[in-house]
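Per-entry structural report
The chain contents come next:
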Amino acid sequence: MNIPRLSLIQSLIDKNQYTNYLEIGVSIGTVFFRIKCKNKIAVDPEFGFSKFKVLTRSIRLNNPSNLSARYFEKTSDDFFADDAKRVIRQKLGVCLVDGMHEYAYALRDIQNTLEYLSDEGVIVIHDCNPKGAENACTYNEWKQRGFTGEWNGDVWKAIVYLRSMEPSLNIFVADTDYGLGIITKKPVETLDPLPFKSFEEIKALDFAELDKNRKEWLNLKPKEYLNEYFKTDIKFS
Ligand SMILES: C[S@@+](CC[C@H](N)C(=O)[O-])C[C@H]1O[C@@H](n2cnc3c(N)ncnc32)[C@H](O)[C@@H]1O
């Protein structure tokens, strides 16, 4: 199955021998069930699978790590408030942030994850580079149109926020899979921070402004840059 975020995450786990993987927003487990890693944690307020499905998927995908994985059927905010301290005993190697696709939620997920990320770890954020305004709308607008079309939300604003306020983090978006945001703690590129000064100022930005500035604001890179950056050999189609 050629899913760029899946190939990237598994390559990082294999190459760096990460033992701890967290996925925020799991849905039917398309990515989660395929990831092979010693300790896996799944968080979603509404899993799209039963316990029986965990068993059958583990067998069919030859991936017993799904049986020992921990499943938290709750929001990521509740997970971080109630469980994370107890459950994440060793720092995370990789986290996929793919839960509620709205600015405030995505930003909280990233900030909470950073507390538990190892110094060499990687946060991968899905849906950071929406193509059109209809893909970048609010959850309520998407709901009003009957959940039709592809929805990326305004996760991109979390990237803009962190690129403005957290210059010590290394942040870019790879132009693949609706925009894979990448955050690592070790600075590699020296970039000037973006000029925004507050959460609210960024919240007020609209899609047209992103469209004009996406290369700079997202630090947008071609997908091949992932292999250069991580020294991996992922085959992108
Ligand atoms: C796009 S799907 C995730 C897809 C999955 N990561 C994959 O790659 O196959 C988004 C999921 O986020 C979940 N979600 C919505 N609000 C959430 C929240 N507050 N915390 C965690 N997950 C949430 C939804 O229930 C949905 O299953």
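Look up: the structure comes first, before these words.
What counts and what doesn't
Residues numbered from 1 in each chain as written. Predicted model: local features only at pLDDT ≥ 70, side-chain atom pairs only at ≥ 80, totals over all residues. Heavy atoms only, no water. 1 Å grid on protein atoms, 1.4 Å probe; cavity = no way out; pocket = protein on both sides within 12 Å on 5 of 7 lines; lining within 4 Å. Points joined across faces, edges and corners; volume = space filled by probe spheres on them. Nonpolar A, V, L, I, M, F, W, Y, C, P; charged D, E, K, R; others polar. Pairing = 2+ DSSP bridges. Helix = DSSP H or I, 4+ residues; strand = E, 2+ residues; numbered from the N terminus. Axes fitted to C-alpha atoms, helices over the stretch in contact; angles between N-to-C directions. Buried < 20%, exposed > 50% of the residue type's maximum accessible area, 1.4 Å probe, protein only. Contact = heavy atoms within 4.5 Å. Parallel < 35°, antiparallel > 145°, perpendicular 65-115°, else oblique. Left-handed = near helix turned anticlockwise from the far one by under 90°. Near = heavy atom within 4 Å. Polar contact = N/O pair within 3.5 Å; in protein donor to acceptor, adjacent residues only side chain to side chain. Areas by Shrake-Rupley, 256 points an atom, 1.4 Å probe, with all protein chains shown as cover.

A word on empty space enclosed by the protein. As enumerated under the stated definition, the model contains one cavity of 30 Å³ or more in all. Put simply, the largest cavity is a space of about 40 Å³. Class assignment for the residues of the lining of the largest cavity results in four nonpolar, three polar and two charged.

Here eight strands make up an open sheet; going across it, the order is S3-S2-S1-S4-S5-S7-S6-S8 and the pairing mixed. The two strands at the open ends of the sheet, each matched to only one other strand, are strand S3 (70–72) and strand S8 (220–222). The sheet shows a mean angle of 20° between the axes of neighbouring strands, direction not considered. Looking at chain direction, strand S6 (residues 170–175) and strand S7 (residues 180–184) are connected through five bridges and run antiparallel.

This paragraph deals with helix H8 (residues 156–165). Counting buried residues along H8, nine of its ten residues qualify, which places the element largely inside the surrounding structure. Along H8, the residues that are buried comprise Trp156, Lys157, Ala158, Ile159, Val160, Tyr161, Leu162, Arg163 and Ser164. Check the buried side of H8 and you find it contacts helix H6 (103–116), strand S5 (117–125), S6, S7, helix H9 (199–203) and helix H10 (207–218).

Contact geometry of H8 with H10 gives a least axis separation of 11 Å together with a crossing angle of 50°. As far as their axial angle goes, H10 and H8 are oblique. As H8 runs across H10, the sense of the crossing is left-handed. Contacts from Trp156, Ile159, Val160 and Arg163 in H8 reach Leu210, Glu216, Trp217 and Leu218 in H10.

Next up on the list: the site of the ligand. In the vicinity of the ligand lie 15 residues, with Arg5, Gly25, Asp44, Ser76 and Asp98 positioned nearest. Here a nitrogen atom of the ligand and a side-chain polar atom of Glu23 are 3.0 Å apart. In this structure, a nitrogen atom belonging to the ligand sits 2.7 Å away from a side-chain N or O atom of Asp98. Burial of the ligand by the protein chains amounts to 80% of its free accessible area of 600 Å².

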